[in-house]
Amino acid sequence: MGSIVLKHVDKRYGKDKLYAVKDFTLEISDGEFLVMVGPSGCGKSTTLRMIAGLEHISDGEIYIGERLVNHLPSKDRDIAMVFQNYALYPNLNVYENIAFGLRMRKMPKHEIDQAVKRAARTLEIENFLERKPKQLSGGQRQRVALGRAIVRNPQVFLMDEPLSNLDAKLRVQMRTEIIKLHKQLGVTTVYVTHDQVEAMTMGDRIVVMKDGVIQQVDTPRNVYGNPKNMFVAGFMGAPPINFIEGKLLECSDGLLEFHTRKAALKIPERQSRKLLEKRKANRTVTMGIRCEHVHMDPAMREAHPHAQISGIHKISEYMGADLYLYADIGASNLFIARADLEGSVKEDEKVVFTLDMRKALFFDSDSGENLVQ
């Protein structure tokens, strides 16, 4: 079994015992592909290194395959790690790099040969076995690093930002290769990245971290669509979610409206009931809405007269399949909408947006908690 369990794991550094990771508790199922994501310094790589046995834990317990591994050296944990910098031996060719760990284990020569060639076929690097790492592209080197990991047939793969040194096109290609490899092998994988796109496209579940603390653990769909707090909502998604601060006022029909200097937006019943349950009427909160839920269609404007906000168009970003408009609506940041590619809006022209208020999120302005989760 390749399951991983972390129970109340802490990592503290220095005389002041500052936390790099605090009370990290998580169960990772056998065969799961779990992605840890967060900004630099959030503790994700430190957590991975503690699972690998490359960092000592300050408190807590780590189990791999139901075996407590707190004091086991890395070589005895039955894991294989893929690093950001590939960590290949420059003086060895591809075959020798992949075979290195097996030779250290003193496996029979014919078994090593079979395992290396099988891994090379899987990763489509059979034609490069005689080359040295300096003769390979970045993507080919990363395949060699993956080959060295899978040839050991471990219980667990640990990957620490393995694609961050590749260019954008190669990252997309290697993402697909790693997903395909995981489906083929079914080995439990913990993957660390700061790239939210990698997290959203690769993980069965995502762990979002901030300042050494887990913020949310969930499927990509739920992390994106139902974030636990403002940090998760703001970190996940590109372009970022729109945040607007305003006041909740009760209407004659018993529901709520969200009031800003620019608009009065009618809140649907589901969100209104949850906000009223939490006694947020007449309180200032922060509304979040993603750009794909902001529309410029005149028909939408006519159908939803109480879900509109206006602004002044400032910047457009053409992204090939999408066009993003940035407008000043009097908030602290420019408001972002995903626009019709056929449309044309001039700089400093007034624009009117219709919001799909069913998709609106509301957060406590002080704690950042999602109030309608």
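Attention here is on the structure that accompanies the text. (Residues numbered from 1 in each chain as written. Predicted model: local features only at pLDDT ≥ 70, side-chain atom pairs only at ≥ 80, totals over all residues. Heavy atoms only, no water.)

**Section: the packing of helix H2 (residues 94-104) against helix H4 (residues 138-150)**
Each pair of packed helices gets described by two things: the angle between the helix axes and the distance between those axes.
So, point 1. Axis separation between H2 and H4 bottoms out at 7 Å; the angle between their running directions is 30°. Regarding the angle of H2 to H4, the classification is roughly parallel. Where H2 crosses over H4, the two elements pack in a sense that is right-handed. Between H2, through Val94, Asn97 and Ile98, and H4, the contact on the second element is made entirely by Val144, Gly147 and Arg148.
So, point 2. Broken down by class, the residue content of the contact of H2 with H4 amounts to three nonpolar, two polar and one charged. (Axes fitted to C-alpha atoms, helices over the stretch in contact; angles between N-to-C directions. Helix = DSSP H or I, 4+ residues; strand = E, 2+ residues; numbered from the N terminus. Parallel < 35°, antiparallel > 145°, perpendicular 65-115°, else oblique. Left-handed = near helix turned anticlockwise from the far one by under 90°. Contact = heavy atoms within 4.5 Å. Nonpolar A, V, L, I, M, F, W, Y, C, P; charged D, E, K, R; others polar.)

**Thoughts on unusual backbone geometry**
So, point 1. Cis geometry marks the peptide bond from Ala238 to Pro239; its omega dihedral reads -5°.
So, point 2. By the secondary structure assignment, Pro239 is in the loop between helix H8 (230-235) and strand S11 (242-250).
So, point 3. Positive phi, normally seen in glycine, also occurs at Glu161, with a value near 45°.
So, point 4. The exposure class of Glu161 is buried, given its relative accessible area of 12%. (Buried < 20%, exposed > 50% of the residue type's maximum accessible area, 1.4 Å probe, protein only.)

**Here we look at the pattern of salt bridges**
So, point 1. Using the criterion set out here, one finds 15 salt bridges in the structure.
So, point 2. Lys180 serves as the salt-bridge partner of Glu177, at 3.7 Å between the closest nitrogen and oxygen. In this pair, Glu177 and Lys180 both sit in helix H5 (residues 168-185), three residues apart, roughly one turn of the helix.
So, point 3. For Lys180, a relative accessible area of 44% puts it in the partly exposed group. (Salt bridge = Lys/Arg side-chain N within 4 Å of Asp/Glu carboxyl O.)

**Quick word on the layout of surface pockets**
So, point 1. Here the largest pocket defines a volume of roughly 510 Å³.
So, point 2. If you go around the largest pocket, you meet 17 residues; those closest to its centre are Ile79, Met81, Gly101, Arg148 and Arg152.
So, point 3. Residue assignment for the lining of the largest pocket shows that the elements contributing at least two residues are strand S6 (79-82), H2 and H4.
So, point 4. Here the residues of the lining of the largest pocket sort into eleven nonpolar, two polar and four charged. (1 Å grid on protein atoms, 1.4 Å probe; cavity = no way out; pocket = protein on both sides within 12 Å on 5 of 7 lines; lining within 4 Å. Points joined across faces, edges and corners; volume = space filled by probe spheres on them.)

**Some points on H5**
So, point 1. Under the 1.5 Å per step criterion, the end-to-end length of H5 is 26 Å for 18 residues, consistent within 8% with the ideal 26 Å.
So, point 2. Restricting attention to buried positions, one finds in H5 the residues Leu170, Met174, Arg175, Glu177, Ile178, Leu181 and His182.
So, point 3. Tucked into the core, H5 has its buried residues touching strand S3 (33-37), helix H3 (109-123), H4, strand S7 (156-160), strand S8 (188-193) and helix H6 (196-202).
So, point 4. Among the residues of H5, the N-terminal cap falls to Asp167, whose side-chain oxygen and the backbone nitrogen of Lys169 are separated by 3.2 Å.
So, point 5. Within two residues after H5, Gly186 carries a phi angle of roughly 70°, on the positive side. (Expected span 1.5 Å × (residues − 1). Polar contact = N/O pair within 3.5 Å; in protein donor to acceptor, adjacent residues only side chain to side chain.)

**Notes on the environment of Asp167**
So, point 1. Mapping Asp167 onto the fold places it in the loop between S7 and H5.
So, point 2. Classification of Asp167 as partly exposed rests on a relative accessible area of 47%.
So, point 3. Along the backbone, Asp167 and Tyr191 are 24 residues apart, and their C-alpha atoms lie at a distance of 19 Å.
So, point 4. Looking at Asp167, its side chain comes within polar contact range of the main-chain nitrogen of Lys169, at 3.2 Å.
So, point 5. At 2.8 Å, the side chain of Asp167 and the backbone nitrogen of Leu170 are in polar contact.

**With respect to the environment of Asn229**
So, point 1. Summarising the element assignment, Asn229 is placed in the loop between helix H7 (220-225) and H8.
So, point 2. The buried category is assigned to Asn229, whose relative accessible area is 13%.
So, point 3. Along the chain, Asn229 and Gly139 lie 90 residues apart, while their C-alpha atoms are 36 Å from each other.
So, point 4. Among the polar contacts listed, one links the side chain of Asn229 to the backbone nitrogen of Phe231, at a separation of 3.1 Å.

**Here's the deal with the pairing of strand S9 (residues 205-210)**
So, point 1. As judged from the four bridges shared by S3 and S9, these two strands associate in the parallel manner. Its bridge partner being in S9, Val35 is matched across the sheet by Ile206.
So, point 2. Sheet analysis places S9 next to strand S10 (residues 213-218), joined by five bridges and oriented antiparallel. By the bridge assignment for S10, Val207 is matched with Val217.
So, point 3. Linkage of S9 to S10, two consecutive antiparallel strands, is achieved through a turn of two residues, within which Asp211 is found at a positive phi near 55°. (Pairing = 2+ DSSP bridges.)

**Comments concerning the packing of aromatic side chains**
So, point 1. A complete count under the given rule lists six aromatic pairs for this structure.
So, point 2. On the basis of an interplanar angle of 80° and a centroid distance of 5.9 Å, the ring pair of Phe243 and Phe363 is categorised as edge-to-face. Of this pair, Phe243 sits in strand S11 while Phe363 is found in strand S20 (residues 361-364), placing the two residues 120 residues apart along the sequence.
So, point 3. Accessibility expressed as a relative area gives 0% for Phe363, which makes it buried. (Phe/Tyr/Trp six-rings, centres within 6.5 Å; stacked < 30°, edge-to-face > 60°.)

**Some thoughts on the side chain of Arg143**
So, point 1. If you trace the backbone, Arg143 turns up in helix H4.
So, point 2. A residue is classified by how much of its surface remains accessible, and Arg143, at 10% relative accessible area, is buried.
So, point 3. Contact partners of Arg143, with chain neighbours within four places excluded, come to Leu123, Ile125, Gln173, Met174 and Glu177.

**Things to note about the packing of H2 against H3**
So, point 1. Between H2 and H3, the least distance of the axes is 10 Å, while the angle of their chain directions is 130°. One way to sum up the angle between H2 and H3 is to call them oblique. The hand of the H2/H3 crossing is right-handed. Contacts between H2 and H3 involve Tyr95, Ile98, Ala99, Leu102 and Arg103 on the former and, on the latter, Ile112, Asp113, Ala115 and Val116.

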